[in-house]
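Working through the structure, step by step
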Amino acid sequence: MVILYPFPAIRPDPVLAQQIASVPYDVVSADEARACIQKNELSFLRVIRSDAELPDLPPNDDQVYLAAQQRYNQMYTSGQIRADDQPGLYLYRVVQGDQTFLGLVCCLDVEDYINGTIRRHELTRYDKEEDRTRHIGAVNANTGLVFILYRDQAALTDRLASLIPARAPDTEVTNKQGERHQVYRITDEQTLTTIRDLFATVPALYIADGHHRAKSAVNVALKRRQEKTATEESERFMAVLFADDRVKLHGYSRLVTDLGPYTTGTFIEKLRSLGTVTEYGPVDTSQYHIPPAGEISGRHLFHMYLDSTWHELSFPADPAEDQIQALDVQFLQTRVLEPMLGIGDPRGDPRLAYMGGARPLSALTAVVDSGKYAVAFSIQPLSTGTVLAIADNGQVMPPKSTWFEPKLLSGYLMHQLS
């Protein structure tokens, strides 16, 4: 049984919301965040990517987290962000072209994460987990949403949609892509009870995006228990719930800094020993398209950018592969990245980086052509059914195996821990 908790969200002054709300911390680099901040000093990136304004310090320096704390407190005391006067639930609607996504923002119990009612499907990266744990502790708030899925077996999304008030949203922000992000606050007890009753029949929830945010919130809760400083709110974390069939799912690209002992030629020859390598040649990435989304039966399919050239890699799947090994991301890890390039720990190896699959292919080619990385692998997306089945079986994929949309704004709704 899933228990949802209303909470008094910290939200931007509606007049300033367009300037304050930002992309999530993990979809921009420090350089990209710095450029955004220089154009807009109210951007919430100053809180969630405080390292961007301290480029001479390591990103995990104590001063980075102190800067985040100070900026957050400054925004609160100045009234740029403020707490709602009573607890509520929040309907979060994203209008993306002709598509509409509807989520429910609430708080969830850390114990439901610990006991497996809230299920996860990916491992976390050590550095990202530590970073967000320190960030949440310093700021004393959940500053970003954990993206949660539920199986929509009773048309819950349609029933939630029927509860949207017949008025303008409390807040509306339009991002650079033209997506409209709307928030409706729900505080009347009858509607709150209706929503809680709807979800009382849901047996489990699934983390889609935000594994690091969720695990870090749990880390903070456990630490405060030990320190005897726990509060009712520190035992909960903020999340947004979407139906499993009402979201988009992309793959997650891998970037590797070097080829280890291989040259371009010997690396490709080694890959050919595993399957088929087809060269596309130098292509116009604006015209080049990865094959349609979805899992490919009977083979592992990747697209690789190496030495200014795109290649398609097709490797036969082994019928004896278990549910995890059958995944393209796991095959790439265990058959290519680890044995060939010596990347044995995808959670912490500094030679391995990730880029969300929704980014254009030109973003991959740019970072490889810059010399920062030697090779990029673009990976086919999974189905949500596969993701949920893996979580139900208590299994976990390598980190950064999935990229879900819609991407939700940070600094738009926050949850104070005490």
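Below: a short report on this structure.

Parameters at a glance
- Residues numbered from 1 in each chain as written.
- Predicted model: local features only at pLDDT ≥ 70, side-chain atom pairs only at ≥ 80, totals over all residues.
- Heavy atoms only, no water.
- Core = buried A, V, L, I, M, F, W, Y, C linked by side-chain atoms within 4.5 Å.
- Buried < 20%, exposed > 50% of the residue type's maximum accessible area, 1.4 Å probe, protein only.
- Helix = DSSP H or I, 4+ residues; strand = E, 2+ residues; numbered from the N terminus.
- Contact = heavy atoms within 4.5 Å.
- Salt bridge = Lys/Arg side-chain N within 4 Å of Asp/Glu carboxyl O.
- Pairing = 2+ DSSP bridges.
- Axes fitted to C-alpha atoms, helices over the stretch in contact; angles between N-to-C directions.
- Parallel < 35°, antiparallel > 145°, perpendicular 65-115°, else oblique.
- Left-handed = near helix turned anticlockwise from the far one by under 90°.

Our next topic: the nonpolar core. In this structure, Tyr92, Phe267 and Phe377 are the most contacted members of the largest nonpolar core, which totals 85 residues. Tallying contributions element by element places helix H11 (residues 328–337) first for this core, with 5 residues. In contact with phenylalanine 377, other than residues within four places in its own chain, are Ser253, Arg254, Val256, Phe267, His303, Met304, Leu313, Leu332, Val336 and Leu337.

Note that side chains of opposite charge can pair when their charged atoms are close. Evaluated as defined, the whole model comprises 27 salt bridges. The closest approach of N and O atoms between aspartate 392 and arginine 151, which form a salt bridge, is 2.9 Å. Of this pair, aspartate 392 sits in helix H13 (residues 384–392) while arginine 151 sits in the loop between strand E7 (146–150) and helix H7 (156–161); the two residues are 241 residues apart in sequence, bridging distant segments of the chain. Among the salt bridges present, the one from arginine 246 reaches aspartate 245, with a minimum N-O distance of 3.8 Å. Each of Arg11, Asp84, Asp85 and Arg185 takes part in a single network of salt bridges with overlapping partners.

Now for the sheet that holds strand E4 (residues 99–109). The mixed open sheet is built from 8 strands, whose spatial order is E5-E10-E7-E11-E4-E3-E9-E8. The strands lining the two open edges of the sheet, one partner per strand, are strand E5 (118–119) and strand E8 (171–174). Lying over the sheet, helix H9 (residues 211–226) contacts E7, strand E10 (205–209) and strand E11 (236–243), oriented at roughly 120 degrees with respect to E10.

So, on to the packing of helix H4 (residues 62–77) against helix H6 (residues 126–139). At a closest axis distance of 8 Å, the pairing of H4 and H6 adopts a crossing angle of 40 degrees. On the basis of the axis angle, H4 is oblique to H6. The element H4 and its partner H6 pack so that their crossing is right-handed. Facing Asp62, Tyr65, Ala68, Gln69 and Tyr72 of H4, the residues of H6 in contact are Asp131, Arg134, His135, Ala138 and Val139.

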